[in-house]
Amino acid sequence: PMGLELEFVKGDGPRFHNPIHNAEDVAALRPVDPKEQLGHVLEAIRLIKRELGHTTPLIGFAGAPFTLASYVIEGGPSRQFLKTKQMMFGQPDVFNALLEKLTRVVSDYVEAQIDAGVDVIQIFDSWVGCLSPGDYSRFVQSHSRRIFDTLRRRDTPSIHFGVGTGSILSQMKLAGGDIIGLDWRVPLAEGWRRVGFDGGIQGNLDPAALFAPRHELERRIRTILQDADGRPGHIFNLGHGVLPDTPIDNVKAAVDLVHDLSVQHSTIGV
């Protein structure tokens, strides 16, 4: 709806055929009315909520401004985010204008999801871990905060997720989120300390562990629950998404292990 030519390429993820290069490209991005232009998503939420009833919460989600910006500047996934950082460092006004537009669209989009019936919103800043703490504070934090301020005004619980974010966890917490997601690169207890023990956390099993022998999978799950140490506010989860070709039986086994071991550790497991 913003005028970006998006294609999902099998095995390669999202690709934009008209990436953002300059101020003219940013100015050309169109505003979005989620109820008009993303109505199919909202209708799907309403249908799912009717099926779930009032017993199972439904999590809505959206990309965070920086991660969305990295895709539309790079044209797709990236390892170095060189084009993104070139714009951020060399054209900061253009970069800020892009994030301003994305922040407005994401805020409207999550509000529309709430109106359609979701109970929780998770904001994915999957690639923000490529930034230094200084660059996160200077270029990103205020934009993410606006989205979480919107969610707070709507009294909607929120999850703030990123990858490789061990050095900026405390700043992500300041940006917002009732729950901060941890990946597997930082021990759960240490990550929770950086977030602050008054906050909740989500994580942080390595998705590759779902390919491991059962005894190794159990050892890793047990370690995470021991690190949580029975404190309230821990949502057990992977440190990132489920990898392609993950054996479904291993996913089921992990869920069962979390439930069984959580009872032993008096930890909340999901």
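Residues numbered from 1 in each chain as written. Predicted model: local features only at pLDDT ≥ 70, side-chain atom pairs only at ≥ 80, totals over all residues. Heavy atoms only, no water.

Caption draft 1: Geometry of the pairing of strand 7 (residues 200-205). For strand 7, the tally of buried residues reaches six of six residues, placing the bulk of the element in the interior. The sheet contact formed by strand 6 (residues 179-181) and strand 7 spans three bridges and is parallel. Note on strand 7: the bridge partner recorded for Ile-179 is Gly-200. Viewed along the sheet, the connection from strand 6 through helix 9 (residues 188-195) into strand 7 turns out right-handed. Here strand 7 runs beside strand 8 (residues 234-238); their pairing, made up of five bridges, is parallel. If you follow Gln-202 over to strand 8, its bridge partner there is Ile-235. Between the parallel elements strand 7 and strand 8, the chain passes through helix 10 (residues 214-228) in a crossover that is right-handed. (Buried < 20%, exposed > 50% of the residue type's maximum accessible area, 1.4 Å probe, protein only. Helix = DSSP H or I, 4+ residues; strand = E, 2+ residues; numbered from the N terminus. Pairing = 2+ DSSP bridges. Right-handed = clockwise from strand over helix to strand, strands pointing away.)

Caption draft 2: Region of the structure containing the nonpolar core. Membership of the largest hydrophobic core comes to 67 residues, with the highest contact counts inside it found for Phe-95, Leu-98, Ile-123, Leu-205 and Ile-221. Among the elements that take part in this core, helix 6 (residues 92-116) stands out by supplying 12 residues, more than any other. With near-sequence residues (within four places) excluded, Leu-98 lies in contact with Ile-20, Val-26, Leu-29, Ala-69, Val-72 and Ile-73. (Core = buried A, V, L, I, M, F, W, Y, C linked by side-chain atoms within 4.5 Å. Contact = heavy atoms within 4.5 Å.)

Caption draft 3: The sheet that holds strand 3 (residues 59-63), seen in detail. Strand order in the open sheet formed by six strands is 3-4-5-6-7-8, and the pairing between neighbours is parallel. With partners counted over all chains shown, the strands left at the sheet margins are strand 3 and strand 8, one partner each. Averaged over neighbouring strand pairs, the angle between their axes works out to 25 degrees when direction is ignored. Bridging between strand 4 (residues 120-125) and strand 5 (residues 158-162) involves five bridges; their strand directions are parallel. Following the sheet pairing, Gln-122 is matched in strand 5 by Ile-159. With respect to the sheet, helix 7 (residues 133-153) is in contact with strand 4 and strand 5, its orientation differing from that of strand 4 by roughly 165 degrees. Of the strands in this sheet, strand 6, strand 7 and strand 8 are in contact with helix 9, which crosses strand 7 at around 155 degrees. (Axes fitted to C-alpha atoms, helices over the stretch in contact; angles between N-to-C directions.)

Caption draft 4: Structural view of the pattern of salt bridges. The final tally for this structure, using the stated rule, is 15 salt bridges. In this structure, the salt-bridge partner of Arg-154 is Asp-115, at a minimum N-O distance of 2.7 Å. Remark: Asp-115 occurs in helix 6 and Arg-154 occurs in the loop between helix 7 and strand 5; sequence separation between them is 39 residues. Given a relative accessible area of 28%, Arg-154 falls into the partly exposed group. Each of Lys-35, Glu-111, Asp-115 and Arg-154 takes part in a single network of salt bridges with overlapping partners. (Salt bridge = Lys/Arg side-chain N within 4 Å of Asp/Glu carboxyl O.)

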